[in-house]
Amino acid sequence: MNKCHRKIYSIQVDFTINKVELTKCCYLHGNKISIEEFKALDNIIIPPNELPSNPYHIENCLMNCDFDDNKYQTIDICCSSLCNAKCYHCCAADHSHPDPREKDLLYNFILPKIRGFGYDTLQLDGKGEVFLNYKEIIAFLKTLSAEKDFKTVRFLTNGSTLTKERLLELKSISESTGINYIFAISVDGISKETFEAVRCGLSFENVMANLQNTVEIFGNNNVDITFTIKEPNKEDTPYVKDFLVNNYNIIPERIAMQSDFLDKSMNQYLTNYFKDR
């Protein structure tokens, strides 16, 4: 059976070639259409079995996440290339000058077109920081319904702009719409020295204070942590989970460890780390 093995559907825009890529699996290439073709689509939700698949991948997929061929559970939207950090080994291009068409395409075409399909989860991430377009994000969130649109919205964020005032506003919107919010916050260091060596331009104290407020306002079931092992922070690796659990009440199972894919030695470091545990 030509089954998709990934519970995700992704929409990514590449302004350098004026294309929108519709993808059903982060391990496969998707369908690329022009931005104008995308704008003209009445229904952008293409059934999974109508998107291109690689037979070898289908037979050898290691994710093993079978689900109904014609049912997406999660949709992933790249919602900003603007960022307030210049991270060590960032995989994205320059964040300081995003394409001026980006915001219009996202808020006037992409996000309105994904409503009404009854997904389980909307994941908002990007090559930049999601909450730098805060006013636009909350305006969109207020239009959503748990019954018709999404049961959960998950934000991938560096946590730097999640002030207590914003968190309380987001909590209010979450409660009024009945949609659960989950914050996936990148914490790439457990000291000021290591964190700021990786997350260049951000303040360790600020992000950790925002993390604490997120846990207090939304609860630790609504906070995920990603720690990416990179050369400047690799010595923190054995202590990350204890640091987050003991100081911020993070649930251990909600802490994800990954390696810097631009540095092959870090992948080996991660492999050795888990081998020794």
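Residues numbered from 1 in each chain as written. Predicted model: local features only at pLDDT ≥ 70, side-chain atom pairs only at ≥ 80, totals over all residues. Heavy atoms only, no water.

1. Here's the deal with the overall build of the protein
To keep it simple, the criterion reads: Working definition: helices are DSSP H or I runs of at least four residues, strands are E runs of at least two. Numbering for both runs from the N terminus. Note on exposure labels: buried denotes an accessible area under 20% of the residue type's maximum, exposed denotes more than 50%, and partly exposed covers the range between, all computed with a 1.4 Å probe on protein chains only. Only heavy atoms matter for contacts: two residues are in contact if any of them lie within 4.5 Å across the pair.
Each helix and strand counted, the protein has nine helices and nine strands in total. Across the 277 residues that make up the protein, the buried fraction comes to 49%. Long-range pairs, those at least 24 residues apart, make up 73% of the contacts in the protein with a sequence separation of at least 6.

2. So, the sheet that holds strand β2 (residues 19-23)
Under the convention used in this document: For two strands to count as paired, DSSP must find a minimum of two bridges between them. Only the stretch in contact is used when fitting a helix axis, every axis being a line fitted to C-alpha atoms; angles between N-to-C directions are given from 0 to 180 degrees.
An order of β3-β2-β1-β4-β5-β6-β7-β8-β9 is seen for the nine strands of this open sheet, with the pairing classed as mixed. At either margin of the open sheet sits one strand with a lone partner, and together these are β3 (31-34) and β9 (255-259). Strand-to-strand twist across the sheet, computed as the mean angle between neighbouring axes with direction ignored, equals 20°. Strand contacts of helix α8 (residues 240-248): β8 (223-229) and β9, with the helix running at about 155° to β9, the strand carrying the most contacts. Against the sheet, helix α9 (residues 264-275) contacts β8 and β9, and its axis sits at roughly 135° relative to β9.

3. Regarding the confidence of the model for the protein
To keep it simple, the criterion reads: Per-residue confidence from the predictor is reported as pLDDT, a score between 0 and 100.
Predicted confidence across the protein gives a mean pLDDT of 85, with 83% of residues reaching 70 or more. Note on residues 1-7: pLDDT under 50 across the span, and 31 contacts to partners over four residues away in sequence or across chains.

4. Focus on the pairing of β2
The buried fraction of β2 is high, at four of five residues. The pairing of strand β1 (residues 9-14) with β2 spans five bridges and is antiparallel. Residue pairing across strands places S10 opposite T23, the latter belonging to β2. Where β1 hands over to β2, the hairpin turn is made up of four residues, of which N18 adopts a positive phi near 55°. Of the pairings in the sheet, the one linking β2 to β3 comprises four bridges and is antiparallel in character. Considered in β3, the bridge of K19 is made with S34.

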